[in-house]
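Descriptive analysis of the structure
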Amino acid sequence: MNHQTQIGIVGAGPAGLILSHLLRLEGIDSVVLESRSREEIESTVRAGVLEQGTVDLLVHMGLGARMIREGAVHHGIHLRFAGYTHRIDFATHADGRAITVYAQHEVIKDLVAARLATGGKILFGAKCTGVIGADGSKPTVCFTHEGREQTLHCDFIAGCDGYHGVARPAIAAAGRSDYVRIYPFGWFGILVEAPPSSDELIYAYHERGFALVSTRSPVLQRMYFQCDPKDNVDNWSDDRIWAELHTRLETKDGWKPITGKIIQKNIVGIRSFVTEPMQHGRLFLAGDAAHIVPPTGAKGLNLAAADVRVLSRGLVEFYRSGRTSTLDGYSATALRRVWRAEHFSWWMTSMLHRFPDGDKFQQRLQLSQLDYVCSSPAAAKTLAENYVGLAIG
Ligand code: FAD
Ligand code: DHB
């Protein structure tokens, strides 16, 4: 079967769904192809931290009501090391901007429901197999849906299909440069039925490795700790997890995480990755399809949203005036923010994690850096303004 649309969007993650909404607001037609089911994308636990700019964008799109009601606005974070906690205050160091803790899959639920309610076309269970004709004027997405090979003919294609998708490989390796860093550790994530252990996020450095206390709701908490990326969740009993979190998080004044029933455990690998350019002909990459950051800076979802904000501006300009200057500059505009986030995420990761080859000298450097961030207003501002999100692009 052949389908037609103006913008073919591969992937119903934050990038694809936000793009589809932004285009609808401007009267531009799109079709979103998603390989997984609606239930699956609405239940996969990933990010939690939304920058002010992402929150503002969702509100502007008319999708802020539940996020404002149920999300938690945080005006600072805690850095914890050597048994003490230090607060980085956003009011002082980030001009009062804030972050909102609201789970990515809740954002996805809001986006899907609103898109379907306004007649949006999202095909679930539609697995894209390739992109052809990006150099021409009518590029095509090939996909399988309900057991049949189908095609979607478009004016433009947005590859929003994440790191393992098909859009990036559709740009010949000779036509792009990939920049990669793999870290020798992963993150073990848990969801816990318990009240919050802290009113704000805690990023902890410990000689046994990094730990992070986040939240989801008054009754559900999210925590992470650095682990071997090849480890298996089955090696970690609940008791062993709590013992590790206690060791890494406890302070001289006796703070302890509030424990509870662990209802989910998962391990993710950590990498930095950027492909340049993020466009080829009429194919544009956005979000994790083009770049990955280690989660320590809480930037991935926010970058995905920022990419498609720029891309939608270019597409709107094209359909209004026929001009392509914003579209032509898409990659350069997006990459400026991407590389800032790459640096910030690498820096946070380097400061807070234990490296297997890290000696006592490196540990002293990390502690010195943490001490500097917590005692110098200039260094605290660097962390805070990057964390809440810079106005780039
Ligand atoms: P994705 O969310 O990966 O969506 C891509 C979609 O494309 C998927 O639904 C996939 O099924 C679909 N797809 C793939 N291949 C195909 C195909 N061939 N055909 C059709 N569909 C396809 N970011 C933050 O901003 N803040 C945080 O606090 C944060 N914390 C994180 C914590 C963890 C543990 C992890 C793992 C990530 C975190 N992130 C965070 C990163 C964030 O989750 C990602 O950056 C974000 O999901 C990227 O969105 P996306 O739309 O680009 O890609
Ligand atoms: C969460 C994830 C992150 O990567 C981070 O830096 C902070 C919070 C979270 O899932 O809540």
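Being a predicted model, the structure only gives us computed values, none of them experimental.

**Quick word on helix H6 (residues 104–117)**
- Its 14 residues give H6 an end-to-end C-alpha distance of 20 Å, which sits within 8% of 20 Å, the value for a rise of 1.5 Å per residue.
- Extensive coverage of H6 is indicated by the burial of ten of its 14 residues.
- Restricting attention to buried positions, one finds in H6 the residues Gln104, His105, Glu106, Val107, Ile108, Asp110, Leu111, Val112, Ala114 and Arg115.
- One or two positions beyond H6, positive phi appears at Gly119, with a value near 80°.

**Let's talk about the site of ligand 2**
- Surrounding ligand 2, one finds 15 residues, the nearest of these being Tyr203, Ser214, Arg216, Tyr224 and Pro295.
- Take Arg216: an N or O atom from its side chain is 2.7 Å from an oxygen atom of ligand 2.
- Between ligand 2 and the protein, one listed contact pairs an oxygen atom with a backbone N or O atom of Pro295 at 2.7 Å.
- In isolation ligand 2 has 290 Å² of accessible area, and contact with the protein removes 96% of it.
- At the level of secondary structure, the elements contributing two or more residues to the shell around ligand 2 comprise strand E16 (211–217) and strand E17 (220–227).
- Ranked by residue count, the leading element in the shell around ligand 2 is E16, at three residues.
- For the shell around ligand 2, the per-class residue count stands at nine nonpolar, three polar and three charged.
- Both of domain 1 (2–74 + 99–179 + 271–347) and domain 2 (184–270 + 355–388) provide at least three residues apiece to the shell around ligand 2.

**Points about the domain arrangement of the protein chain**
- Taken domain by domain, the protein chain comprises domain 1 (2–74 + 99–179 + 271–347) and domain 2 (184–270 + 355–388).
- Between domain 1 and domain 2, the C-alpha centre-to-centre distance is 29 Å.
- Contacts between domain 1 and domain 2 engage 21 residues on the former and 21 residues on the latter.
- Here domain 1 meets domain 2 over a buried area of about 1700 Å², counting both sides, of which 64% is carbon and sulfur.
- Contact with domain 2 buries surface across domain 1, with Val45, His74 and Trp347 losing the most and accounting together for 31% of the total.
- The tally of links from domain 1 across to domain 2 stands at zero salt bridges.

**Some thoughts on the sheet that holds strand E8 (residues 99–101)**
- Pairing in this open sheet of three strands is antiparallel, and the strands run E4-E8-E5 from one edge to the other. Edge positions in the sheet fall to strand E4 (49–50) and strand E5 (72–74), since each of these pairs with one other strand and no more.
- Of the pairings in the sheet, the one linking E4 to E8 comprises two bridges and is antiparallel in character. When the bridges of E8 are listed, Val49 appears paired with Val101.

Thresholds, definitions, all that
Residues numbered from 1 in each chain as written. Chains lettered and ligands numbered in written order. Predicted model: local features only at pLDDT ≥ 70, side-chain atom pairs only at ≥ 80, totals over all residues. Heavy atoms only, no water. Helix = DSSP H or I, 4+ residues; strand = E, 2+ residues; numbered from the N terminus. Expected span 1.5 Å × (residues − 1). Buried < 20%, exposed > 50% of the residue type's maximum accessible area, 1.4 Å probe, protein only. Near = heavy atom within 4 Å. Polar contact = N/O pair within 3.5 Å; in protein donor to acceptor, adjacent residues only side chain to side chain. Areas by Shrake-Rupley, 256 points an atom, 1.4 Å probe, with all protein chains shown as cover. Nonpolar A, V, L, I, M, F, W, Y, C, P; charged D, E, K, R; others polar. Domains from an automatic or database assignment. Contact = heavy atoms within 4.5 Å. Buried area = accessible area lost by both parts, 1.4 Å probe. Salt bridge = Lys/Arg side-chain N within 4 Å of Asp/Glu carboxyl O. Pairing = 2+ DSSP bridges.

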